[in-house]
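Each chain, letter by letter, is given below.
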Amino acid sequence: MATAGKVIKCKAAIIWEVGQMPSVEEVEVAPPRSHEIRVKIVATGICRTDDHVLKGIFPNIEYPVIVGHEGAGIVESIGPGVTSVKPGDKVIPLCIPQCGECGCCLSPKANCCLKSHLCEPLQNLMPDKTSRFTCKGKQIHHFLWTSTFSEYTVMPEVSIVRIDNDAPLDKVCLFACGFSTGYGAAVNCAKVDPGSTCAIFGLGGVGLSVVMGCKVAGASRIIGIDINKDKFTKAKELGATECIAPQDFKKPMNEVLVEMTGLGVDYAFEVIGRTDIVVTALKSCHLGHGTCVLVGAPPAGSQLSIDPTLLLTGKKLIGCLLGGWKLKDALPQLVSDYMKKKFNTDALISHTLPFEKIAEGFELLHTGKSIRCVLLF
Ligand code: COD
Ligand code: ZN
Ligand code: ZN
């Protein structure tokens, strides 16, 4: 492409300081270096984790920063040594890389690559500790090696995967985070079995994706729990068999769920990010074998306090990041399953806005009005 090797000027949303809304600015994006790829982002969802950076509750972040990690785009140019993609390929950025060489990547049981930004004390620069973004003469930090709130972004090759060139990027961007996280928690991490009873605490975009996973896995009872009853219609459309709101009960939700099911649920998913709800979810599990799956990330530094006899008597507490998927291996197949209409992730997209209206997108998230808002460049 004509832009290869040159600095590109384009739009990006910068969070200059903690607590400030992202502001749309013109940024300069340097060409990719060795083993890096520059991508034209076509569509990007807004995820709660982006909002955590805005609020300053995501650990080890330096500002100013360009966040965004639920994107999809087209390769513009590649740096020396890149072999897995070429300009023009449709790609999804991976917020957990897959280097293919470390102990976790070599183990079939793990998806947290040890060459990840998550293993760095300060994680929001490129692997060589420099940035490809500048604005008004200042260096701007990356985020999760994805920074999809920029029309052009640079990523290491370990953080990118090619997908079907027929895939609609404005839809499959959800596979970069929200959908894969929730769906994988059910089918991959919990391995929900047919006929089982599931409870999902939190019916945001990720919780609804857990609902979809439980349905595909053949669960016979899928109970959605949310304080916002506006979420119930969509949850039922996607597979929830019942929905309940904690404020409608005088008892704790674990007691309500045990009464509803006899001895508790087979699988309980925490998809809110609160340690007190993890405890409630664990207590809601079936005595002797129920599994509680921690999906939501509680605030940095929080601690979990549980009665150990819950585990001694056979309940299990497990958790996963990004649905436990090895993303490079899994995403092309998930996109292909979407193309074959195995699941309807389009139903999770409640709003689509032009990128310039990113502040409106965050407002929709803050007021609980959106499930997923997709921004288009
Ligand atoms: N009881 C019941 N429901 C509640 C409560 C409560 N006390 N508090 C909030 N809720 C509901 C809200 O009404 C809302 O419907 C839902 O919980 C949360 O939904 P969203 O839309 O705010 O958030 P999601 O679904 O986009 O994401 C939620 C997570 C907690 C999963 C997310 O923030 C997170 O922690 N992700 C980290 C885990 C991960 O794998 N991340 C990958 C990269 S982001
Ligand atoms: Zn690795
Ligand atoms: Zn996310």
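Parameters at a glance
- Residues numbered from 1 in each chain as written.
- Chains lettered and ligands numbered in written order.
- Predicted model: local features only at pLDDT ≥ 70, side-chain atom pairs only at ≥ 80, totals over all residues.
- Heavy atoms only, no water.
- Donors = N, O, S within 2.8 Å, 3.2 Å for Na, K, Ca; no water.
- Tetrahedral: all angles 85-135°; square planar, octahedral: opposite > 155°, others 65-115°.
- Helix = DSSP H or I, 4+ residues; strand = E, 2+ residues; numbered from the N terminus.
- Buried < 20%, exposed > 50% of the residue type's maximum accessible area, 1.4 Å probe, protein only.
- Arc of directions from axis to C-beta.
- Contact = heavy atoms within 4.5 Å.
- Pairing = 2+ DSSP bridges.
- Right-handed = clockwise from strand over helix to strand, strands pointing away.
- Near = heavy atom within 4 Å.
- Polar contact = N/O pair within 3.5 Å; in protein donor to acceptor, adjacent residues only side chain to side chain.
- Areas by Shrake-Rupley, 256 points an atom, 1.4 Å probe, with all protein chains shown as cover.
- Axes fitted to C-alpha atoms, helices over the stretch in contact; angles between N-to-C directions.
- Core = buried A, V, L, I, M, F, W, Y, C linked by side-chain atoms within 4.5 Å.
- Phe/Tyr/Trp six-rings, centres within 6.5 Å; stacked < 30°, edge-to-face > 60°.

Participant: Hey, could you go over the coordination of the zinc ion (ligand 2) for me, with residue numbers and the actual values?
Facilitator: Coordination of the zinc ion (ligand 2) by the protein comes from Cys99 (SG), Cys102 (SG), Cys105 (SG) and Cys113 (SG), over a distance range of 2.3 to 2.4 Å. Coordination at the zinc ion (ligand 2) comes from 4 donor atoms whose angles at the metal span 103 to 118°, giving a geometry best classed as tetrahedral. Coordination of the zinc ion (ligand 2) draws on donor residues from a single chain, spaced C-x2-C-x2-C-x7-C in sequence. Separated by 14 residues along the polypeptide, Cys99 in the loop between strand 5 (90-93) and helix 2 (103-106) and Cys113 in the loop between helix 2 and strand 6 (133-135) bring together distant segments of the chain.

Participant: Help me get a handle on helix 11 (residues 358-366), residues and values and all.
Facilitator: An α-helical turn contains 3.6 residues, so any two residues separated by three or four positions project in the same direction. Taken as a whole, helix 11 has its buried residues at Ile358, Gly361, Phe362, Leu364 and Leu365. The buried residues of helix 11 occupy one face: seen down the axis, they fall within an arc of 155°. Looking at the packing, one finds that the buried side of helix 11 touches strand 1 (8-14), strand 2 (23-29), helix 1 (48-55), strand 16 (349-354) and strand 17 (372-376). Positioned one or two residues after helix 11, Gly368 has a phi angle of 75°, which is positive.

Participant: Give a detailed account of the pairing of strand 11 (residues 221-225), specifying residues and quantitative values.
Facilitator: Burial runs high along strand 11: 4 of the 5 residues are buried. The sheet contact formed by strand 10 (residues 197-201) and strand 11 spans 5 bridges and is parallel. The residue bridging Phe201 from the neighbouring strand is Ile225, located in strand 11. Where the polypeptide runs from strand 10 across helix 5 (residues 205-216) and back to strand 11, its parallel neighbour, the crossover connection is right-handed. Where strand 11 and strand 12 (residues 242-244) come together, 3 bridges link them in parallel fashion. Within the sheet, the bridge partner assigned to Ile225 lies in strand 12 and is Ile244. Following the backbone out of strand 11, through helix 6 (residues 232-238) and into the adjacent parallel strand 12, one traces a crossover that is right-handed.

Participant: I'd like a description of the site of ligand 1, backed by residues and values.
Facilitator: Taken together, 26 residues lie around ligand 1, and Arg48, Thr49, Asp226, Ala297 and Arg372 are the ones closest in. Take Val206: an N or O atom from its main chain is 2.9 Å from an oxygen atom of ligand 1. Here an oxygen atom of ligand 1 and a backbone polar atom of Leu322 are 3.0 Å apart. Relative to its free-state accessible area of 920 Å², ligand 1 is covered by the protein chains to the extent of 89%. Residue assignment for the shell around ligand 1 shows that the elements contributing at least two residues are helix 1 and helix 5.

Participant: Run through the sheet that holds strand 6, naming residues and quoting values.
Facilitator: Taken in spatial order, the 4 strands make up an open sheet running 1-2-6-7, and their pairing is antiparallel. Here the strands that pair on one side only, and so sit at the sheet edges, are strand 1 and strand 7 (138-140). Looking at each pair of strands side by side, their axes are set apart by 45° on average, direction ignored. In this structure, strand 1 lies alongside strand 2, joined through 7 bridges in antiparallel fashion. Among the inter-strand pairings, Ile14 is bridged to a residue of strand 2, identified as Ser23.

Participant: For the nonpolar core, give the residues involved together with the corresponding values.
Facilitator: General note: in soluble globular proteins, nonpolar side chains tend to be found buried as a group. Ile92, Phe149, Phe175, Val192, Ile200, Cys214 and Phe269 are the most contacted members of the largest nonpolar core, which has 93 residues in total. Non-local contacts of Val192, meaning those with residues more than four positions away in its chain, are made with Ala186, Cys198, Cys214, Ala217, Ala219, Tyr267 and Phe269. Core analysis: the next-biggest nonpolar cluster, separate from the first, contains 17 residues, Ala199, Ile244, Ile277 and Val278 among them.

Participant: Lay out the coordination of the zinc ion (ligand 3) in plain terms, naming residues and giving numbers.
Facilitator: Those protein atoms acting as donors to the zinc ion (ligand 3) are Cys47 (SG), His69 (NE2) and Cys177 (SG), and they sit at 2.0 to 2.4 Å. Taken together, the 4 donor atoms coordinating the zinc ion (ligand 3) and their angles of 101 to 120° define a geometry best described as tetrahedral. Here the donor residues of the zinc ion (ligand 3) are spaced in sequence according to C-x21-H-x107-C. Remark: Cys177 occurs in the loop between helix 3 (169-172) and helix 4 (178-190) and Cys47 occurs in the loop between strand 3 (36-45) and helix 1; sequence separation between them is 130 residues. The exposure classification of Cys47 matches that of Cys177, with both residues buried.

Participant: For the packing of aromatic side chains, give the residues involved together with the corresponding values.
Facilitator: For the coordinates displayed, the defined rule picks out 9 aromatic pairs. Both rings, one in Phe179 and one in Tyr183, keep their centres 4.9 Å apart while their planes meet at 25°; by these two values the pair is stacked. Pair noted here: Phe179 and Tyr183 are both in helix 4, with a separation of 4 residues, about one helical turn. Given the relative accessible area of 1%, Phe179 is considered buried. Residue classification places Tyr183 among the buried positions, given a relative accessible area of 3%. On the basis of an interplanar angle of 25° and a centroid distance of 4.2 Å, the ring pair of Phe355 and Phe377 is categorised as stacked.

Participant: Go over the pairing of strand 3 with me, naming the residues and quoting the values.
Facilitator: Working note: regular strand, side chains alternate between the two faces of the sheet. With 8 of 10 residues buried, strand 3 is to be regarded as a mostly interior element. Sheet topology note: the strand 3/strand 8 (residues 152-156) ladder contains 5 bridges and is antiparallel. Opposite Glu36, over in strand 8, you have Pro156 as the bridge partner. Relative to strand 4 (residues 70-78), strand 3 is paired through 8 bridges, and the arrangement is antiparallel. Its bridge partner being in strand 4, Val39 is matched across the sheet by Val75. Here strand 3 runs beside strand 17; their pairing, made up of 3 bridges, is antiparallel. Residue pairing in the sheet places Ala43 in a bridge with Leu376 of strand 17.

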